[in-house]
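# Architecture and fold: a report
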Amino acid sequence: MDKSDNHFRRPQTAFEVAAEAEDMESFGYALRDWQHELKQLHTRPQFIDCFAKTPVLLQERFSQGDVADAYLAGYVNFSADAANIQPPEWTDDPKRIALNPWFSSSDRKRLLIVSPVSLREKNIFAVPENVVNIHSGRPRVTLAQKKKKNRLRQQRYRARIKEQLADYRPAKAVKNLCKIQLT
C-alpha cells in the first residue's frame, strides 16, 4: 500500500512485496495481493519485469524474515518455471534459503512430496498458487491505447494520401497544358 496517500495499491513486483513487509503477517498479505496482480499478466515480458528488481532481504527486518526471503525467491522461481522464462539471478542467493525447514501446514509427509522443487531447494515446503497464465497472440491493451493507435494510424494514412495528391495534381495540370498547346 502506498503510505503517502491512503489509497490502496497492490504490489506490482517482487521488490514491492519485500518493501511492504514489516512482519510475517504483512509479508503474507503483500504476497497474496501480488498474486492477484500476477493473474492479470499474460505475457512473458510482463513476468520478467515483475521479477527483475532485487528485493531487499527481510531476515534483518523481522523474525522469520529468512522464511519470507526464501518463500519469495522460491515463489519467483516457481512462477518463472511455469512461465517458461529464466528466473532472475537474485533467487540463487544463498541468503535466500530458510535456516530451518518451514512447512505451511501440519501435514508434513504430503508437503515433502507435493512441494515444487523451486520451494524445496529453499527449505520451504508448501504448495504455491500457480498464477501464470501465458496467452499467445497479441497482448491486451486498454481502450485508450487502442484509440491512440487508431488516431496515429489515421494520421499516417491522411499524410500518405495528401502526399500522393500533391504528386498527382501538378502532373495532371502539366498534362492538361500539353493538350491545350497541341490543339
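Residues numbered from 1 in each chain as written. Predicted model: local features only at pLDDT ≥ 70, side-chain atom pairs only at ≥ 80, totals over all residues. Heavy atoms only, no water.

### Overview of the overall build of the protein chain
So the rule is basically this: Secondary structure follows DSSP: runs of H or I at least 4 residues long count as helices, runs of E at least 2 residues long count as strands, and numbering of each begins at the N terminus. Burial classes: relative accessible area under 20% of the type maximum marks a residue as buried, over 50% as exposed, and values in between as partly exposed (1.4 Å probe, protein chains only). Contacts are residue-level and defined by heavy atoms, with any inter-residue pair within 4.5 Å sufficient. Working definition of accessibility: Shrake-Rupley area with a 1.4 Å probe, residue cover restricted to the visible protein chains.
Tallying secondary structure elements over the protein chain gives seven helices and two strands in all. Reading the protein chain from its N end, one meets helices and strands in the order α-α-α-α-β-α-α-β-α. When each of the 183 residues of the protein chain is scored for burial, the buried share is 34%. Counting only contacts in the protein chain whose residues sit at least 6 apart along the sequence, the fraction spanning at least 24 positions is 63%. Total accessible area computed for the protein chain in this model is approximately 12,500 Å², and 53% of it derives from carbon and sulfur atoms.

### Let's talk about the packing of helix α2 (residues 24–38) against helix α4 (residues 65–83)
As a reminder of what qualifies: Helix axes are fitted to C-alpha atoms over the stretch in contact, other axes to C-alpha atoms as well, and angles between N-to-C directions run from 0 to 180 degrees. Small angles under 35 degrees read as roughly parallel and large ones over 145 as roughly antiparallel, with 65 to 115 read as roughly perpendicular and the rest as oblique. Helix crossings are classified by the rotation of the near helix relative to the far one: an anticlockwise turn of less than a right angle makes the crossing left-handed, while a clockwise turn makes it right-handed. For this classification, Asp, Glu, Lys and Arg are treated as charged, while Ala, Val, Leu, Ile, Met, Phe, Trp, Tyr, Cys and Pro are nonpolar and the rest, including Gly, are polar.
Interaxial distance between α2 and α4 falls to 11 Å at its minimum, and their mutual angle equals 15 degrees. In terms of axis orientation, α2 runs roughly parallel to α4. Read as a crossing pair, α2 and α4 show a hand that is right-handed. Along its contact with α2, which presents M24, F27, L31, W34, Q35 and L38, the element α4 presents V67, A68, Y71, L72, Y75 and V76. Class assignment for the residues of the contact of α2 with α4 results in 11 nonpolar, one polar and no charged.

### What to know about α4
Where we set the bar: Each helix should span, by expectation, one fewer than its residue count multiplied by 1.5 Å.
Taking 1.5 Å of rise per residue, 19 residues should cover 27 Å, and α4 covers 27 Å from first to last C-alpha, within 8% of that figure. Here α4 lies mainly inside the structure; 17 of its 19 residues are buried. Immediately downstream of α4, the backbone of N84 shows phi near 60 degrees, a positive value.

### A look at α2
Counted only if it meets this: Polar contacts, as counted here, are pairs of nitrogen or oxygen atoms within 3.5 Å of one another; within protein the pair requires one atom able to donate a hydrogen and one able to accept it, and residues that are adjacent in sequence qualify only if both atoms are side-chain atoms.
Helix length check: α2 (15 residues) gives 21 Å between terminal C-alpha atoms against 21 Å at 1.5 Å per residue, within 8%. All buried positions along α2 are accounted for by S26, F27, A30, L31, D33, W34, Q35 and L38. Against the buried residues of α2 lie α1 (14–20), α3 (44–52) and α4. Here α2 starts with a cap whose side-chain oxygen sits 3.3 Å from the backbone nitrogen of E25, and that cap is D23.

### As for the nonpolar core
Just so we agree on the cut-off: The definition of a nonpolar core used throughout is a set of buried Ala, Val, Leu, Ile, Met, Phe, Trp, Tyr and Cys residues joined through side-chain atoms within 4.5 Å.
If you look at the biggest cluster of nonpolar residues, it comprises 34 residues, and the most contacted ones within it are F27, W34 and L72. Mapped onto this core, the elements with two or more residues apiece are α1, α2, α3 and α4. It is α4 that contributes the most residues to this core, 11 residues altogether. Apart from residues no more than four positions distant in its own chain, W34 is found in contact with P11, Q12, T13, A14, V17, C50, F51, L72, Y75 and V76.

### A few points about the side chain of S118
Secondary-structure assignment places S118 in helix α6 (residues 117–120). Judged by relative accessible area, S118 falls into the buried class, the value being 6%. The contact partners of S118, leaving out residues within four places of it in the chain, are G74, N77, F78 and D81.

### Re unusual backbone geometry
Despite not being glycine, Q64 shows a phi value in the positive range, around 65 degrees. Inspection of the secondary structure assignment puts Q64 in the loop between α3 and α4. For N84, which is not glycine, the phi dihedral falls at a positive 60 degrees. By the secondary structure assignment, N84 is in the loop between α4 and β1 (102–103).

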